[in-house]
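# Structure assessment
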Amino acid sequence: MKSKTLKKDKVNIITLGCSKNMVDSEVLSGQLLANEIDVVHESGKKDHNIVIVNTCGFIDKAKEESINTILEQVNLKQKGRLDKVYVTGCLSQRYREDLEQTIPEVDAWFGTMELPLILKKFEADYKSELLGERLLATPSHYAYLKIAEGCNRTCAFCAIPLMRGQHTSRSIEDLVKEAESLARRGVKEILLIAQELTYYGLDLYKKRMLPDLLKRLSDIPGIEWIRLHYAYPHKFPMEILEVMQERDNICKYLDMPLQHAADNMLKAMRRNITRAEMEDLIVNIRQTVPGICIRTTLITGFPGETLEDVEELKGFLERQRFDRVGIFTYSHEENTSAYGLVDDVPADEKQRRAEDIMAVQQEISYEKNQEKLGQTLKVLVDKKEAGRYLGRTEFDSVEVDNEVIIQTDKKLQPGNFYNVKITRAYDYDLEGELV
C-alpha cells in the first residue's frame, strides 16, 4: 500500500502599515523558523498553504487596505489554494469582535501582543532566547530597531494607544544585544522606531534615556548610520542632539511630527505645545546640530479647521523650510477624543488642502535640492533598478524621503557607501556621478 506523504506547512506573512508592524512580522518569522516551520515574507510564488496577515488599523485608508487583503486571502482559501488564514496586528486588536462576525472564514484573530498565541496554532513554543533573531524583510544592509511599544500621549486624533497600549520601553541591554546581532549579520544602518522615541526610558528607568541608548548603540562596530524616527516636540530632550553632534554615525536627521501650526488646531489636537514653542524648539535644534535634516508630518481637515488655519500652516512651512514633509488627511476614528467633534471638513476638501500645502513644500524641496548641486555626498546604495542605482544620503530615510539616482557603468554593491557628486536636482530626488 502506498502511504500518503503529509505536505509540510509553509507560511507567508503579509505586512501592512508601518515599520513597527514590519518588525513584529520579522520577529514572528524568526520564531517560526526557530520552530522549524517554513516561512516567507510577502512571497509571490504561491507555494505556501498558510497566510498570516499583519494588519494596520490607523486610519480609514489603512483599514480598507487591511480588510481587502484579508478578503483576498479568504477568497484563495475558498478556492482551495490555502488551508488557513490567520489575522493579527492593529486592525485585529481594535475590531476583533466585529471582524469575527463579518469575516467568519478567517481561522483565528490575534491582537498586537499575542505572538505566543499565534505560535500555539503551529504547536510551536515562544523562544525567549531568540533576542534579535529576526528574519529581516528589509534589504540586508538596514533594519528597524523598535525601542518601545505603545504610547502615553492623548493626541485627540490618534487611535494608537487603543491598539498598542501604554508606552513600554525595552531595556538598553536587550536593545544593544539585538543591534549587535544585526551588525554581525551585515546591517549597517539602524532605524530607531517607537510611537514616541523621546519618551524612551521614563517607564523603565524613571528618566529619559534615549541619549544613553544612542551612545551605547553608536559604539557598536559595523553600525555606520543610526536614524531617529518619531520624536515628540513637547518636552523634547535636547541631550539627544548633543549626542548626535558628537557621534559621527548618528545621522543628522530627526523625524518629528508636528501635525499643525495654528494654535487653535494644536490645542484641539491636544498636542501640549504652541506654535511659538515649536518655533523656538526648531531654532534650538538647528543651532545645536548645524545642517540637520528635519522631517515632519502634518494633518489637514481636523474638525474645525478653517481656511485661515490652512494659510497659517502654509506660512509656517514657508518660514521653517523643513527638509522633508509628509501629509495625512484627518480620519475620524472611533473612541478617540476627537470622535466627539463634528467631522465638518468634507473628504475632497481635506484632500484639496493637503495638495495645496504639499505644493508649497514641493517648491521648498526643489530649492533645497538645487542647493546641493556640485556637492559630494556620502550615499548608501539600496538597490539597482531599471539600469541605474538608487541610494540615500544620511538626510533621507527609507521609502519616505528623497533618493539619489546614480548612473554608472561600474558595478556597485547594494549596502555599500559611495561618494557621489550631485549633477542634477529635482523636486524630491537628486542625480549624481561617482567620485
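Residues numbered from 1 in each chain as written. Predicted model: local features only at pLDDT ≥ 70, side-chain atom pairs only at ≥ 80, totals over all residues. Heavy atoms only, no water.

Helix and strand counts for the protein stand at 13 helices and 18 strands. For 435 residues, the compact-globule estimate of 2.2 N^0.38 gives 22 Å, and the protein sits close to it at 23 Å. Each of the three principal axes of the protein carries a C-alpha extent, and together these read 80 × 55 × 45 Å. Counting the 435 residues in the protein, one finds 55% classified as buried. Excluding contacts between residues fewer than 6 apart, the proportion of contacts in the protein whose partners are at least 24 apart in sequence is 74%. Total accessible area on the protein is roughly 20000 Å²; 47% of this is exposed by carbon and sulfur atoms. Distance between charge centres in the protein, computed from 61 positive and 72 negative side chains, equals 4 Å. (Helix = DSSP H or I, 4+ residues; strand = E, 2+ residues; numbered from the N terminus. Rg over C-alpha atoms; globule rule 2.2 N^0.38 Å. Buried < 20%, exposed > 50% of the residue type's maximum accessible area, 1.4 Å probe, protein only. Contact = heavy atoms within 4.5 Å. Areas by Shrake-Rupley, 256 points an atom, 1.4 Å probe, with all protein chains shown as cover. Lys, Arg positive; Asp, Glu negative; His and termini not counted. Charge placed at Lys NZ, Arg CZ, Asp CG, Glu CD.)

According to the stated counting rule, one finds five aromatic pairs in the structure shown. Ring geometry for Phe-302 and Tyr-330: centres 5.2 Å apart, planes at 70 degrees, overall edge-to-face. Remark: Tyr-330 occurs in the loop between β13 (324-329) and α13 (347-370) and Phe-302 occurs in the loop between β12 (293-300) and α12 (307-320); sequence separation between them is 28 residues. A ring pair is formed by Phe-316 and Phe-322, whose centres lie 5.7 Å apart and whose planes are at 55 degrees; its orientation type is tilted. Residues Phe-316 and Phe-322 agree in their burial class; the two are buried. Three or more aromatic residues joined by ring pairs form one cluster here, namely Tyr-86, Phe-110 and Phe-122. (Phe/Tyr/Trp six-rings, centres within 6.5 Å; stacked < 30°, edge-to-face > 60°.)

UniProt records the feature "binding site: [4Fe-4S] cluster 1" (unreviewed entry) for Cys-18, Cys-56 and Cys-90 in the present numbering. Taken together, the annotated residues stretch across 73 residues yet fold into one region, lying no more than 10.5 Å apart by C-alpha. Along the chain, Cys-18 falls in the loop between β1 (10-15) and α1 (19-34). With respect to the element layout, Cys-56 can be found in the loop between β3 (50-55) and α2 (60-78). (UniProt positions renumbered as here; feature names shortened; annotations may be inferred.)

Before going further, it helps to examine the pairing of strand β18 (residues 430-434). The sheet contact formed by strand β16 (residues 404-406) and β18 spans three bridges and is parallel. Bridge assignment links Ile-406 to a residue of β18, and that residue is Gly-432. Counting the residues that bridge the hairpin from strand β17 (residues 417-425) to β18 gives four residues. (Pairing = 2+ DSSP bridges.)

With respect to topology, five strands assemble into a closed barrel ordered β14-β15-β16-β18-β17, the strand pairing being mixed. Adjacent strand axes in the sheet meet at a mean angle of 50 degrees, parallel and antiparallel pairs treated alike. Relative to β17, strand β14 (residues 376-385) is paired through five bridges, and the arrangement is antiparallel. Counterpart to Leu-380 in the pairing with β17 is Phe-417. (Axes fitted to C-alpha atoms, helices over the stretch in contact; angles between N-to-C directions.)

Topologically, Gln-320 is positioned in helix α12. Gln-320 gets classed as buried once you look at its relative accessible area, which sits at 7%. If we skip the residues at most four places from it in the chain, Gln-320 touches Glu-279, Ile-282 and Arg-286.

Within the UniProt annotation, "domain: MTTase N-terminal" (unreviewed entry) is assigned to residues 9-127. Secondary structure content for residues 9-127 is 45% helix and 20% strand, while the C-alpha to C-alpha distance between its ends is 20 Å.

Here we take up the packing of helix α11 (residues 275-288) against α12. The geometry of α11 relative to α12 is characterised by a closest axis approach of 12 Å and an angle of 15 degrees between their N-to-C directions. Considering their axes alone, α11 and α12 lie roughly parallel with respect to each other. α11 and α12 meet at a crossing whose hand is right-handed. Contacts between α11 and α12 involve Arg-275, Met-278, Glu-279, Ile-282 and Arg-286 on the former and, on the latter, Glu-312, Gly-315, Phe-316, Arg-319 and Gln-320. Looking at the contact of α11 with α12, its residues break down into three nonpolar, two polar and five charged. (Parallel < 35°, antiparallel > 145°, perpendicular 65-115°, else oblique. Left-handed = near helix turned anticlockwise from the far one by under 90°. Nonpolar A, V, L, I, M, F, W, Y, C, P; charged D, E, K, R; others polar.)

The subject of this paragraph is the environment of Lys-127. By secondary structure assignment, the location of Lys-127 is in the loop between α4 (115-120) and β6 (142-146). The spacing of Lys-127 and Leu-32 is 95 residues in sequence and 9.7 Å in space, taken between C-alpha atoms. Sequence-distant contacts of Lys-127, defined by excluding residues within four places in its chain, comprise Gln-31, Ala-34 and Asn-35.

We now examine the environment of Ile-118. Inspection of the secondary structure assignment puts Ile-118 in helix α4. Of the residues examined, Ile-118 reaches a relative accessible area of 4% and is grouped as buried. Spatially, the C-alpha atom of Ile-118 lies 41 Å from that of Asp-323, the residues being 205 residues apart in sequence. In this structure Ile-118 touches Leu-28, Ile-52, Thr-88 and Phe-110, once residues within four positions along its chain are discounted.

At a minimum axis distance of 8 Å, the contact between helix α8 (residues 210-218) and helix α9 (residues 239-246) shows a crossing angle of 20 degrees. On the basis of their axis angle, the class for α8 and α9 is roughly parallel. The hand of the α8/α9 crossing is right-handed. Residues Leu-210, Pro-211, Leu-214 and Lys-215 of α8 pack against Glu-239, Ile-240, Val-243 and Glu-246 of α9. Considered class by class, the residues forming the contact of α8 with α9 number five nonpolar, no polar and three charged.

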